[in-house]
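# Survey of secondary and tertiary structure
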Amino acid sequence: MKKTWWKESVVYQVYWRSFYDSNGDGIGDLEGLLLKLHYIKDLGADVIWLNPMYQSPDKDNGYDISDYYGVMEKAGDMQTVERLISEVHNLGMKIIMDLVVNHTSDQHPWFLESRSSKDNPKRDWYIWKDAKDGKEPNNWRSYFAPSPWTLEEKTGQYYFHSFAAEQPDLNWENREVREEIYRIMRFWLDKGIDGFRMDVINLLAKQKDYRDAANPYDLSYLGNNPGIHEYLQEMNHEVLKHYDIMTVGEIPFVTPEDGLLYVGEDRNELHTLFHFQVADDMPSWDMLRYKEIQKQWYEGLKGKGWNSQFLNNHDHTRQVTRYGNDGEYRVESAKLLGTLVHTMPGTPYIFQGEEIGMTGVCFENISDYRDIAMKNKYNELVRRGEDPVQVLKDLQPLSRDNSRTPVQWDDSKNAGFTSGISWIKVNPNYKEINVKRELETPDSVFHYYKKLIALRKENEVMVYGDYADHSDGQEELYIYTRSLGEVTWLIVLNQSERTNVVKLPEIAHGTGKELLLGNYAEIPVGDSAEKLVMHPYEARIYRILNKR
Ligand code: ISL
Ligand code: CA
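Residues numbered from 1 in each chain as written. Chains lettered and ligands numbered in written order. Predicted model: local features only at pLDDT ≥ 70, side-chain atom pairs only at ≥ 80, totals over all residues. Heavy atoms only, no water.

## Some words on the overall build of the protein chain
Along the backbone of the protein chain there are 16 helices and 20 strands. Whereas a compact globule of 548 residues would reach a radius of gyration of roughly 24 Å, the protein chain reaches 24 Å, a difference of no more than 12%. Based on the C-alpha atoms only, the size of the protein chain along its principal axes is roughly 80 × 50 × 50 Å. Within the protein chain, the fraction of its 548 residues that count as buried is 60%. Long-range pairs, those at least 24 residues apart, make up 69% of the contacts in the protein chain between residues at least 6 apart in sequence. As displayed, the protein chain offers around 21,800 Å² of accessible surface, 48% of which is attributable to carbon and sulfur atoms. Across the protein chain, 65 positive and 87 negative side-chain charges occur, with their mean positions spaced 1 Å apart. (Helix = DSSP H or I, 4+ residues; strand = E, 2+ residues; numbered from the N terminus. Rg over C-alpha atoms; globule rule 2.2 N^0.38 Å. Buried < 20%, exposed > 50% of the residue type's maximum accessible area, 1.4 Å probe, protein only. Contact = heavy atoms within 4.5 Å. Areas by Shrake-Rupley, 256 points an atom, 1.4 Å probe, with all protein chains shown as cover. Lys, Arg positive; Asp, Glu negative; His and termini not counted. Charge placed at Lys NZ, Arg CZ, Asp CG, Glu CD.)

See the structure below:
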């Protein structure tokens, strides 16, 4: 595989509105990020992924853009963005921005024009259809609404939205639309950013006939439609290939086979992707499924394309709560999951707060939640007659707000996030879990992450090493190797609340092993050349010493 900086990097995701508030209005902002840049640098991250900060009515936390050339007032202004880009670069890091071009806000001037009349020149910039039998054009659902079709009374047609009604989809078939998007991309790249995280980029092309779906709840009809690869190749040709950048596509509903069509190195589309097989198939931890997914992606992309590794982000419940143990073994388990993400093949992502083991939340009231996806779903079910208490309970575990509460900086009011009233409640556990304490505690989650990242910088095997699973079929243990040339690393994880005896694969027998990193302090007792005794949620990384 060709060596590139973005394969070797660790990306840190900044959900700025919950990162740090510099002016006391209760909302994190870019100035706040500037004030805390050294913290990200100290952790060792190489690249910052900044969630959307463009001008927006903010119905979906910035994923509904009304001006791609403007900056949301809450976030800051253009000057601050420019300062941010140069400060990040001064610190030797890079910054990538969100590119949200499947849809705009319904307040974008393009849409205001488009909806105004059937013969408006911008009519065709969005997707308009006539009613079918006096109803929506088909039986589909949208991500955030019961139907992806909303009626525009004035012109009597429906417009299409894969997400909320406030997020109409652009019509990528229209050449003017594409050209305008490429202009926007060049505008930001010319400001010096180092790439894009591309929001639901495989949704750009739509099914031609909008036929009814057999199962409308399986939203996969929204993505990977004919034409998508032509658009991405055109985008690459027009814009991407002219810059030294990284691109990561958010690509739901893909298997490794079609994933490769997006990131194959010979395809001239994207560098890497987020697929959602783990998130979609695993509401909670499922070791066998996880191993299978990793194996398939490893084999599918090997030598041809590059993967990304993550277990949470701003849309998915914090990993220690969803996949680990956020009670008795929070610290161990947060470190174990970090070990996993950073030793799997692909570029690892850290979502802000993950590095201190932040946990999900369970607010008492629907009014404490802010997430449009959750609120719309709640309203739909309650309107349908379901019990509001039960509905809330069912939606809580995977609510996107689980990961959106403010970063906990210290044990002062509002966790030191804001001096004002926070836009979303702070997790009540901030007195125990916060950055200040993490920095002061030598064996904290933060310091463990720091070591993990440093290891990646010093050891190419972590980036380019071959992967092999030696624990097929085992439900609590994950034992795998990464190897590059003469170097072999062995990673052993005990993803359970029990002490487990681990039989080592033959490759580790009769040779020495050097423990490079582990999440327990004591020297292991009971270990031998053939087996290890592993504590609950214990994780170890060994270097296998070659037989002489
Ligand atoms: O579950 C998912 C994939 O199967 C989701 O995470 C999915 O990727 C998602 O809902 C799309 O997310 C992105 O686009 C949305 C925005 O609300 C999210 O925050 C963003 O990450 C619409 O722009
Ligand atoms: Ca602010």
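## A few points about the UniProt feature "domain: Glycosyl hydrolase family 13 catalytic" (unreviewed entry) in the protein chain
Residues given the UniProt feature "domain: Glycosyl hydrolase family 13 catalytic" (unreviewed entry) here are residues 13-404. In the segment residues 13-404, helix accounts for 33% and strand for 13%; the C-alpha atoms at its two ends are 12 Å apart. (UniProt positions renumbered as here; feature names shortened; annotations may be inferred.)

## Section: the environment of Gly 512
Within the secondary structure, Gly 512 is located in the loop between strand S17 (500-503) and strand S18 (513-518). Placed 34 residues apart in sequence, Gly 512 and Asn 546 show a C-alpha to C-alpha distance of 7.5 Å. When residues no more than four places from it in sequence are discounted, the contact partners of Gly 512 are Arg 543, Ile 544 and Leu 545.

## Some remarks on the coordination of the calcium ion (ligand 2)
Only Asp 21 (OD), Asn 23 (OD1), Asp 25 (OD), Ile 27 (O) and Asp 29 (OD) from the protein coordinate the calcium ion (ligand 2), and they sit 2.2 to 2.3 Å from it. The sequence motif formed by the donor residues of the calcium ion (ligand 2) is D-x1-N-x1-D-x1-I-x1-D. A relative accessible area of 52% means that Asn 23 is categorised as exposed. (Donors = N, O, S within 2.8 Å, 3.2 Å for Na, K, Ca; no water.)

## Some details on the site of ligand 1
Residues in contact with ligand 1 amount to 18 residues; listed here are only the nearest, Asp 60, His 103, Asp 199, Glu 250 and Asp 315. In this structure, an oxygen atom belonging to ligand 1 sits 2.5 Å away from a side-chain N or O atom of Asp 60. Arg 197 places a side-chain nitrogen or oxygen 3.0 Å from an oxygen atom of ligand 1. Counting atoms within 2 Å of the grid points, the majority share of ligand 1 lands in the largest pocket. For the shell around ligand 1, the per-class residue count stands at 7 nonpolar, 3 polar and 8 charged. (Near = heavy atom within 4 Å. Polar contact = N/O pair within 3.5 Å; in protein donor to acceptor, adjacent residues only side chain to side chain. 1 Å grid on protein atoms, 1.4 Å probe; cavity = no way out; pocket = protein on both sides within 12 Å on 5 of 7 lines; lining within 4 Å. Sits in = over half its atoms within 2 Å of the grid points. Nonpolar A, V, L, I, M, F, W, Y, C, P; charged D, E, K, R; others polar.)

## Some points on unusual backbone geometry
Phi is positive for Asp 133, close to 50 degrees, though the residue is something other than glycine. As for its position among the elements, Asp 133 is in the loop between strand S6 (128-129) and strand S7 (149-152). Of the residues examined, Asp 133 reaches a relative accessible area of 72% and is grouped as exposed. In this structure, Phe 253 is a non-glycine residue whose phi angle is positive, near 60 degrees. Within the element layout of this structure, Phe 253 appears in the loop between strand S10 (246-250) and helix H7 (256-263).

## Quick word on the layout of surface pockets
Its volume calculated, the largest pocket comes out at about 1,200 Å³. In terms of lining residues, the largest pocket is bounded by 41 residues, among which Tyr 143, Phe 144, Asp 280, His 316 and Ala 373 are the most central. Of all the secondary-structure elements, those providing two or more residues to the lining of the largest pocket are helix H8 (277-281), helix H12 (372-383) and helix H13 (388-395). Per element, the largest residue contribution to the lining of the largest pocket is 5 residues, and it comes from H12. Approximately 450 Å³ is the volume attributed to the second largest pocket. Lining the second largest pocket are 22 residues; nearest its centre among them are Val 331, Lys 335, Asp 443, Ser 444 and Asn 519. When residues of the lining of the second largest pocket are traced back to their parent elements, those giving at least two are helix H11 (330-343), helix H14 (435-440), helix H15 (445-458) and S18. Counting only domains with at least three residues in the lining of the second largest pocket, you end up with domain 1 (1-56 + 78-89 + 319-361 + 409-458) and domain 5 (465-544). (Points joined across faces, edges and corners; volume = space filled by probe spheres on them. Domains from an automatic or database assignment.)

## Let's talk about the sheet that holds S10
Spatially, 8 strands are ordered S1-S2-S5-S9-S10-S11-S12-S13 in a closed barrel, and the strand pairing comes out parallel. Within the sheet, the average angular offset between the axes of one strand and its neighbour, ignoring direction, is 25 degrees. Summarising the sheet, strand S1 (residues 11-14) and strand S13 (residues 347-351) pair through 3 bridges and their orientation is parallel. Note that in S13 the partner of Tyr 12 across the bridge is Ile 350. Helix H9 (residues 287-301) rests against strand S11 (272-274) and strand S12 (306-309) of the sheet, and its axis sits at about 155 degrees to S12. (Pairing = 2+ DSSP bridges. Axes fitted to C-alpha atoms, helices over the stretch in contact; angles between N-to-C directions.)

## Structural notes on helix H3 (residues 78-90)
Over its 13 residues, H3 runs 18 Å from end to end, which matches the ideal 18 Å to within 8%, given 1.5 Å per residue. Those residues of H3 lying buried are Thr 80, Val 81, Leu 84, Ile 85 and Val 88. One side of H3 holds all its buried residues, which, seen down the axis, span an arc of 140 degrees. Facing away from the buried surface of H3 by more than 90 degrees, the exposed residues are Gln 79 and Asn 90. (Expected span 1.5 Å × (residues − 1). Arc of directions from axis to C-beta.)

## Notes on the domain arrangement of the protein chain
When the domains of the protein chain are assigned, the result is domain 1 (1-56 + 78-89 + 319-361 + 409-458), domain 2 (109-160), domain 3 (175-309), domain 4 (363-404) and domain 5 (465-544). The C-alpha-based centres of domain 3 and domain 4 are spaced at 29 Å.

## What to know about H13
When H13 is considered as a whole, its buried residues turn out to be Val 391, Leu 392 and Leu 395. Across the axial projection of H13, the buried residues extend over an arc of 100 degrees, all falling on one side. Turned more than 90 degrees away from the buried face of H13 sit Val 389, Lys 393 and Asp 394, all of them exposed. Each element contacted by the buried residues of H13 is listed here: H12.

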